[in-house]
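Understanding the architecture of this molecule
The chain contents come next:
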Amino acid sequence: MALKKSDLYSSLWSSADELRGSMDASQYKDYVLTLLFVKYVSDKAKADAYALIQVPEDGSFDHLVTLKGKSDVGEKVNVAIRKLAEANDLQGVINNADFDDPTKLGPGKELQDKVSNLIGIFQDMDFSGSKAEGDDLLGDAYEYLMRHFATQSGKSKGQFYTPAEVSRVMAQLLQIPAGTPKATTVYDPTCGSGSLLIKVADAAPNGLTIYGQENDNATWALARMNMILHGNETHEIVQGNTLSDPKFRTGDKLATFDYLVANPPFSVKTWRNGFDEDYDRFDGFGWPPDKNGDYAFLLHMVKSLKSTGKGVVVLPHGVLFRGNAEAAIRTELVKRGYIKAIIGLPANLFYGTGIPACLIVLDKNDAQARTGIYMIDASKGFEKDGPKNRLRPRDMHKIVDAFVNQKEIDRYSRMVPLTEISDRKNDYNLNIPRYIDSSEPEDIQDLHAHLQGGIPNRDLDALQPYWNAFPGLRGQLFKPLREGYSELIVDKADIQATVTGSPEYVAFEEGTSAIVDAWWGNKRKLLVDITGTTRPNDLIHGVSEALLDDFRPRPLIDEYGVYEQLMSYWNASMHDDVALIVSEGWDGAGKPRLARAWKDKNNKTKFEDAHIVTGARAAAKRWVMDLIPPEYVIARFFPTEKAELDQLIAEQEAASQAVEEFTEEHAVEEGLLWEAVEDDKISKTLAAARLRVAKREGAEADELQALQRVIKLYDAEAAAKKAVKEATAKLEEQALAHYGALSVEDVQVLVIDDKWGGTIRARIGAEVVVLGQALVGRLRVLADRYSSTVGELEADLHDLGARVSAHLAAMGVKP
C-alpha cells in the first residue's frame, strides 16, 4: 500500500516527538532529517540500480535496523552514516548529528531506546514508490518538517526556511519560458535550506542548473540533503559568507546568472565584517549604511544577474522608504529601471521575524526602456496557521495573475508611472500605500437619513455588484423616498427570504451549479484516465485553471474563492487519493485493507483509525478504506438499507429524548424519582432497586408508576440502541463484502462523481451561500441603522417618560 502524504507527515512528526523535550527544535531536526535521508536513499537504491547515490551495505538503513536494541546502537549508527557519507562525498552534510551524544539523547538505556525507537518509526515507511512522476511526496514531507521545526525554533533559529507558498509565488514571478534548457542557471546567494532554488527549478519544465551559497554550516548541510531528496543530485551549493567571501566568481568579477531568488537575513548589522570590496558591487550606487545590510545583499544580487537576468528578492518593507544612503541607492535602482515590480506581503509570514516583507522583482532586460513599476498590495490576503500567517492558494494565484497580466485592480494593484514615483511629493519613495490605498471604504453615518428617514442611495449603490447579478432585486426591496434616498418596502425580518427566494438569486445558484457541472464533466475523462504515469500536480493544474477560466466572466462570485475551494480540498484529501491511484491503480486503490498496527512507548499495540471493525476482541479485524469510505458505497448500493437504518437511528434518538425529558422532570429534588437518584444521577439499575424498596415500604402509587415508567423508557432506549447496533453491523458487513464486487467503472463513479464531485459541488455552492449572507447582513445593518428618525426616537422617549411618571404617581412617588 502506497504511503499517503497525511500518514507520512504524522509518522515523521511522531519521530520528532521521540526527541521532544530533550533538546531544542533547531537541534533535533538534524536527527530526524538525517534518518529520513538515509531511509530515502536506501529505498531508492534498492528500487533503482542507476541511482546516483551509492549506498554501501553497512551504510544502509537496513543495516541500521539490525542495530536496534543494541547497547552501542548510537555509536554504530554514527559509523554507518559516516560510511554512507564517505561513499558519496557527503562528509559534513549527513553525518553532523551525533546519535551517541548522551547530553542530547540521554544516558545509557535511555539513549539506546530513543535511537532504536527512531529507527523503528522510519523502518515502517516505504519510500521506493514515494515519488510519482512530477509529484514529490518526500520533498513535501521534508518541507513539512522544516516548517514545523522553523515554527518551534524561535526567532533566532528559524530563518533557514522560506515558506513554501512564498517560494512558489517567487518562482512563478520569474515567468520562466516552457522551453528553457536545463543549462539555464539559477542562483541564490543566501540559500538557507534550498527551498527557494528547488521551487524555481520545479517551475521550469526541463529543470535548471542550480547554484547557491549559505553561510551557516548546519543549514548548508540541510540544503545539500534537500537537493538530493528532491531529485536534484547535480547542484552546486557551497558554504561561506556571500558578502565577505563570494564563492561564484569569474576571474576578478562576480559570476552572473540567468535567474536569481533570495530571502537574505533582514537588516544585518554586522554585514561589513570582512566585506570583500574587490567586486565593485556598489559601483555607481554608493555604500549601504554600516548597520543595515539589506541593500548590501540587494546590490550583490543586482551585480550577479546577467544583462538579461531576472530575480525576485524578499526584503523588509523598510527598503522601500528609508532615507539617507538607502534613499540614494533606491533612487539609482529606479532610474536604471532594474525594479520591475514590488509586492507587499502580509505581516508574520516568515520564520525569524514578524515584520511585513515585500518581494522586489528585478529585471535587467530592456531596463532603460521601463516607464513604470508595477505594484501589488497583497498584505490583506492570508490565513492564520498557528503562530504564523500563511498565503492561501487563492492569494498566491491572485498575485501571480495580477503580475503576469499587469492588471489594475482597485485597492490591490496598479502600474505606477516613473513620473509619479519621481515627482516632488514622492521623491523615489516606494512605500506601497503612497500609490495603492488598500483600506476598506469608511462606513459613513448619514445625518440626513437619521433626521428624515430612508436609506442613502450611496450605501445601496456600493452594492452594485449584487444589483448587476440580480437586476430586479433592488426594486423588490426598495422604492424611491426622496432624492438620494430609498425606502425599504419589505419587513426587516423578510429581507433574507426576499433575497434568497428571488427568481434571479435562484437562477444564479442554478447557473453556478451548471458551470460546475459542465466544468467537472469536461474534466471527467482526465480523471478517469489517471494511470501510473499521471503527474498529480500537472493534473490539478489543468483542472483548476479551467475552473478559474470558467468563473472569470461570472458576475459577483470571486473566481479565486471558487479556486480556493477546489485547492483546499485537493491539499486536504484529493491529492492523497490521486497519489494512491497513481501508485495502486483504480482497482487496487479501491480495495479495503487491514489497519496498520504499531507498539507505543509502553509496548502496547495501537491501531490507526478504522472505518469498519468486524469481530471482537482478539478476533477483531479493523478495515481501512483509503480511497472509498464505506458511506459512499452504502449511499449508492444500499439506499434502502440505509433508509431503514436512518429510521432506527431516529427511533433511538426519540427513545433517548423520552428518557431525558422524563428524568429531567421527575429526577429532581421532591420529584417522583428523587429517591432513585444517586450522586446526581439516575439509571435503570437505580430505578429498579428503588422500585423494590418502594414496594416493600408501601410507597405512594405515583412514585411506583413513575419508577415503572422510567424503567420501561430505559428498556425501550436499550432495545432501540441494540437495533441500531445490529443494523449498522449488518449494513457495514454488506458494504465490506460489496467492495470485492466493485468494477473499475464502479470505483471511478464512486470516487469521481460521488466523493470528489459531490464534495467540490458542495464547497463551491457554499461560496454562493456566503455571498447571499453578506448581502442580507449588509441590508439588515442599513435597515436597523435608519429604521427610526431622530424625531421618532424623541417621541418614543417622551412617551416612555410619561408612562414611567404615571407609574410612579400610581405608587405615590412624586417624579
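Described in the following lines is the structure provided in the data block. (Residues numbered from 1 in each chain as written. Predicted model: local features only at pLDDT ≥ 70, side-chain atom pairs only at ≥ 80, totals over all residues. Heavy atoms only, no water.)

What the 3 strands build is an open sheet, ordered 16-18-17; its pairing is antiparallel. The sheet is open, and its two borders are formed by strand 16 (455-456) and strand 17 (478-482), each paired with just one other strand. The sheet contact formed by strand 16 and strand 18 (residues 485-488) spans 2 bridges and is antiparallel. Paired with Pro 456 across the two strands is Tyr 485, which belongs to strand 18. (Pairing = 2+ DSSP bridges. Helix = DSSP H or I, 4+ residues; strand = E, 2+ residues; numbered from the N terminus.)

Once that is clear, we can look at unusual backbone geometry. Here Gln 175, not a glycine, exhibits a phi torsion of approximately 50°, which is positive. If you trace the backbone, Gln 175 turns up in the loop between helix 8 (164-173) and strand 3 (185-188). A residue is classified by how much of its surface remains accessible, and Gln 175, at 32% relative accessible area, is partly exposed. Of note, Leu 556 is a non-glycine position whose phi angle comes to about 75°, a positive value. Examined against the element boundaries, Leu 556 turns out to sit in the loop between helix 21 (536-551) and helix 22 (559-589). (Buried < 20%, exposed > 50% of the residue type's maximum accessible area, 1.4 Å probe, protein only.)

A cluster of acidic residues, Asp 252, Glu 277, Asp 278, Asp 280 and Asp 283, forms a negative patch at the surface. On the basis of relative accessible area, Asp 280 is assigned to the partly exposed category, the value being 44%. (Patch = residues over 30% accessible without salt bridge, like charges linked within 9 Å, V, L, I, M, F, W, Y side chains within 5 Å. Areas by Shrake-Rupley, 256 points an atom, 1.4 Å probe, with all protein chains shown as cover. Salt bridge = Lys/Arg side-chain N within 4 Å of Asp/Glu carboxyl O. Lys, Arg positive; Asp, Glu negative; His and termini not counted. Charge placed at Lys NZ, Arg CZ, Asp CG, Glu CD.)

At a minimum axis distance of 9 Å, the contact between helix 4 (residues 73-87) and helix 6 (residues 108-123) shows a crossing angle of 45°. Between helix 4 and helix 6, the angle falls in the class oblique. For the pair formed by helix 4 and helix 6, the contact residues are Val 73, Gly 74 and Val 77 on the first element and Leu 111, Gln 112, Val 115, Ser 116 and Ile 119 on the second. Here the contact of helix 4 with helix 6 is built from residues that sort into 5 nonpolar, 3 polar and no charged. (Axes fitted to C-alpha atoms, helices over the stretch in contact; angles between N-to-C directions. Parallel < 35°, antiparallel > 145°, perpendicular 65-115°, else oblique. Contact = heavy atoms within 4.5 Å. Nonpolar A, V, L, I, M, F, W, Y, C, P; charged D, E, K, R; others polar.)

Let's shift gears to the pairing of strand 12 (residues 372-377). A large share of strand 12 lies buried, amounting to 6 of its 6 residues. Both strand 10 (residues 339-344) and strand 12 contribute to a ladder of 4 bridges, which runs parallel. By the bridge assignment for strand 12, Ala 341 is matched with Tyr 374. Sheet topology note: the strand 12/strand 15 (residues 413-417) ladder contains 5 bridges and is antiparallel. If you follow Ile 376 over to strand 15, its bridge partner there is Ser 413.

Quick look at the packing of helix 20 (residues 503-528) against helix 27 (residues 744-785) now. For any two helices packed against each other, one specifies the inter-axial angle together with the distance between the axes. Where helix 20 meets helix 27, the axes come as close as 10 Å, and the angle between the chain directions of the two elements is 150°. The angle between helix 20 and helix 27 falls in the class roughly antiparallel. In this structure, helix 20 crosses over helix 27, and the sense of that crossing is right-handed. When the residues that make up the contact of helix 20 with helix 27 are grouped by side-chain class, the tally is 15 nonpolar, 4 polar and 5 charged. (Left-handed = near helix turned anticlockwise from the far one by under 90°.)

Two side chains carrying opposite charge are able to pair once their charged atoms lie near each other. Enumeration over the complete set of coordinates arrives at 46 salt bridges. With a shortest N-O distance of 4.0 Å, Glu 86 and Arg 82 are connected by a salt bridge. You can see Glu 86 and its partner Arg 82 sitting in helix 4, 4 residues apart, about one turn around the helix. A single network of salt bridges, built from pairs that share partners, joins Asp 443, Asp 459, Arg 778 and Arg 785.

In this structure, Leu 64, Val 77, Ile 94, Val 166, Ile 343, Leu 359 and Ile 376 are the most contacted members of the largest nonpolar core, which totals 82 residues. With 9 residues, helix 2 (residues 25-47) is the largest single contributor of residues to this core. Contacts of Leu 64, omitting those with residues within four sequence positions, involve Leu 35, Val 38, Val 77, Ala 80 and Ile 119. Core analysis: the next-biggest nonpolar cluster, separate from the first, contains 75 residues, Leu 547, Leu 566, Leu 731 and Tyr 739 among them. (Core = buried A, V, L, I, M, F, W, Y, C linked by side-chain atoms within 4.5 Å.)

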